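If you want the building blocks of each chain, they are given just below.
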Amino acid sequence: MAFAPFDQAGIPVEDQFRSWSELNVDPLSSRPDDPYTLARVILMNGTEVEAALFSHHFSRQTDNPEIKRSLALSRRVEQQQQKAVNWLLPGDASPLETTLSYEQVAVDLTAWLARMEPDPTIQQALNFALLEDFDHLYRYANLYELIDGRHAEEITQHLTEITPGRPTFIEHRHPFDELRPHFATQTVDPLSRLHVMTITSAEQQTLNYYMNHGPDFMEPIARGLYAEIAQIEEQHVSHYESMLDPLDSWFANLLFHEFNEVYLYWSMFQQETDERVKALWELHLNMELGQLQEAARLLRKYEGREPLELLPPELPEIPLTFESNKQYVRDVLAAEIDLRADGLLIVPESELPSDHRWWAFQKTVNAGGSPTEEIINLQRDKQGRDYRDETEGPNPVPALRGTQDATV
Amino acid sequence: MPITSPMFHTGATTKPMPTITITPGREMPIETLQGAPALKGMNAMFVLDVLSDMAAHDRCGRHLYLSLAGRSANPMLQRKYASYAEDAEKNIGVTEQLITDLGGDPGYVSPSARAAEKMDSSLLEATFLLEGSVDIMTQELVMLDAVLLAASRADAAWSGLRALAPSFPEGPARDAVQRAVDQVDPAEPLEWARATRTKLIGLQAKSTVATAIAATAEDLMARVKTWFD
Ligand SMILES: [Fe+2]
Ligand SMILES: [Fe+2]
Ligand SMILES: [Fe+2]
Ligand SMILES: [Fe+2]
């Protein structure tokens, strides 16, 4: 059942505006039946934020009245979409509870993309950051128990395990080492392009969320934890965005953004279990189809290119899917925990020379300890253990097992 | 129909570089480029890279001309740009045939082809990103300037290949190069662009419409439409 976006007119962009009452949607419950409904909301919010930010950046590069107006029109709609999507988030969930959902998204989105990714270098980049977000979930879950006395499994519902990954304090690397090789726009599998665009938006929104919500807390440990993990999300954004090909023009990028939004709403629509949210995904899919038509018109007019010169006529066959990836994450953790970044390469720590900038950078930022380690120590002092949700057995890395020190 | 934009679905390939990751199956091995039998005695990889960037420039030329044909307000310029778009398409085919004749892959995209595309797409962008602060007469000149620059690059590339023809191995390779260069007249668009630019500058320098305080956009548009009549 191949879906051909360019054969669909969608809703004309001019007809896409909604009233405030339509945007101010009733929120989901903070404990929805399916935690992946929240995951889909978080992913699509990040996608809409990226759509609006990209459009702003493009708009700053031109004074062409037709282009500026077209961008302004679509962008206002993207912003309405962002409200309708993000306002589904439950008002009775605390920023920390939403953070736990963000990291669940990071784990199960990244793992699924890695499983499907055709390019081994991109797959390796996904696996690499997967272990880091997996560890963030564990650190935040311990903060949740410490300050709220609750268990993160109420939110993740045992679909995603909670146990140490690559310990966060080890994830800090010199900025030169967060840059990866990029795909070439001509040879890249269209699926890889969608994957890189999707994960870049998701990481960027996670970064934005932590940048803004870190100071919401009174507890110094919470503020410290957000500051430290936000810096890893900055690394993740740099890591993923560096895989995009800088050769793509503004209009090609606009087309790719709209195509990706079509793919993602189409994907979310297929899996949604909440009927009300499913209807929203369908509406937004039809909006994105209209926005895609407009991006195609601009590409044709200003660049003399047909959209089908740049994109396949159909969406990928498999919708992007939120599902449990426990075994995959375990396998990657067992095999790749000791990997580090060295320039454009990812190598075992044992291959880093002793004068590598990684060591110096570690020493600088971790001087005086790291909040992500401190939270576990506080938990152990208070509870005599850390908090974990290991549904499939002990951590696959012996050094990360039990209540012993989580450092490797 | 030649490949108008080499992409994954057209079978594009590229060569390994440390800064680039290539989807499996899409890597053009260095040895294959270096070992093209038809180019024995030459720096085969360099030759194939250059031909790839010539194809890239003609592909971008086709896009440039299609865009301008749709955006110029002057009927004569529209027709000319549309016919150059057809010529560019033909030239892509000629280059692709030459690459095939020399044992190369017409879907191969060399690093210099990527650089050519960046330069050409920036040139095309310059014809529309600042359109809001350029009057419609000057806008025609901006588009013509893009043609002048693109045609000058194409002329340099094709005359360079013509000059290089005797250096190709005698026999099928040299014949193929000769056949290709004989099918393309790169000087014509360049001469046309130069002459038309001179004409446009002259028309505007002597025009009173553009300087009239009361001239409306419609007046200017009417003037642009009747240039060359
Ligand atoms: Fe959108
Ligand atoms: Fe994270
Ligand atoms: Fe992340
Ligand atoms: Fe959109």
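Up top is the structure these notes are about.
Source: prediction; values computed, not measured.

Rules and cut-offs
Residues numbered from 1 in each chain as written. Chains lettered and ligands numbered in written order. Predicted model: local features only at pLDDT ≥ 70, side-chain atom pairs only at ≥ 80, totals over all residues. Heavy atoms only, no water. Axes fitted to C-alpha atoms, helices over the stretch in contact; angles between N-to-C directions. Helix = DSSP H or I, 4+ residues; strand = E, 2+ residues; numbered from the N terminus. Parallel < 35°, antiparallel > 145°, perpendicular 65-115°, else oblique. Contact = heavy atoms within 4.5 Å. Nonpolar A, V, L, I, M, F, W, Y, C, P; charged D, E, K, R; others polar. Donors = N, O, S within 2.8 Å, 3.2 Å for Na, K, Ca; no water. Tetrahedral: all angles 85-135°; square planar, octahedral: opposite > 155°, others 65-115°. Buried area = accessible area lost by both parts, 1.4 Å probe. Salt bridge = Lys/Arg side-chain N within 4 Å of Asp/Glu carboxyl O. Polar contact = N/O pair within 3.5 Å; in protein donor to acceptor, adjacent residues only side chain to side chain. Pairing = 2+ DSSP bridges.

1. What to know about the packing of helix α9 (residues 220-241) of chain A against helix α15 (residues 371-383) of chain A
All names here are of chain A.
Logical step 1: Between α9 and α15, the shortest axis-to-axis distance is 8 Å and the interhelical angle comes to 140 degrees. As the angle between them shows, α9 and α15 are arranged oblique. Here Ile221, Gly224, Leu225, Glu228 and Ile229 of α9 come into contact with α15, specifically with Pro371, Thr372, Glu374, Ile375 and Leu378.
Logical step 2: Residue composition of the contact of α9 with α15, grouped by class: 6 nonpolar, 2 polar and 2 charged.

2. So, the coordination of the iron ion (ligand 4)
Residues and elements named next belong to chain A.
Logical step 1: Of the protein atoms, only Glu78 (OE), Glu78 (OE), Glu258 (OE), Glu261 (OE), Glu288 (OE) and Gln291 (OE1) coordinate the iron ion (ligand 4), at distances of 2.0 to 2.7 Å.
Logical step 2: The coordination sphere of the iron ion (ligand 4) comprises 6 donor atoms, whose angles at the metal cover 51 to 175 degrees; the geometry is irregular.
Logical step 3: Taken as an interatomic distance, the gap from the iron ion (ligand 4) to the iron ion (ligand 1) is 3.2 Å; glutamate 78 donates to each of them. Highlighted residues: glutamate 258 and glutamate 261, both in helix α10 (residues 250-271), separated by 3 residues, approximately one helical turn.

3. Overview of the interface of chain B and chain A
Logical step 1: Taken together, the contact pairs 34 residues of chain B with 41 residues of chain A.
Logical step 2: Across the chain B to chain A interface the summed buried area is about 3000 Å²; carbon plus sulfur atoms make up 55%.
Logical step 3: Counting every contact that joins chain B to chain A gives 2 salt bridges.
Logical step 4: Note that arginine 305 of chain A and glutamate 117 of chain B form a salt bridge whose closest N and O atoms lie 4.0 Å from each other.
Logical step 5: At the boundary of chain B with chain A, the tally comes to 24 residue pairs in polar contact (both at pLDDT 80 or more).
Logical step 6: At the level of secondary structure, the elements contributing two or more residues to the side of chain B that touches chain A comprise β1 (13-14), β2 (20-21), α2 (44-71) and α4 (111-126) of chain B.
Logical step 7: Here the residues of the side of chain B that touches chain A are counted per class, giving 14 nonpolar, 12 polar and 8 charged.
Logical step 8: Bridge analysis of strand β1 (residues 182-183) of chain A against β2 of chain B gives 2 bridges, and the strand direction is parallel. Its bridge partner lying in β2 of chain B, histidine 182 of chain A is registered against isoleucine 20 of chain B.

4. Thoughts on the pairing of strand β2 (residues 339-342) of chain A
All names here are of chain A.
Logical step 1: In the sheet, β2 pairs with strand β3 (residues 345-348) via 4 bridges, with the strands oriented antiparallel. The residue bridging alanine 341 from the neighbouring strand is isoleucine 346, located in β3.
Logical step 2: Once β2 ends, the chain turns through 2 residues before running back antiparallel as β3, passing glycine 343 with a positive phi of about 60 degrees.

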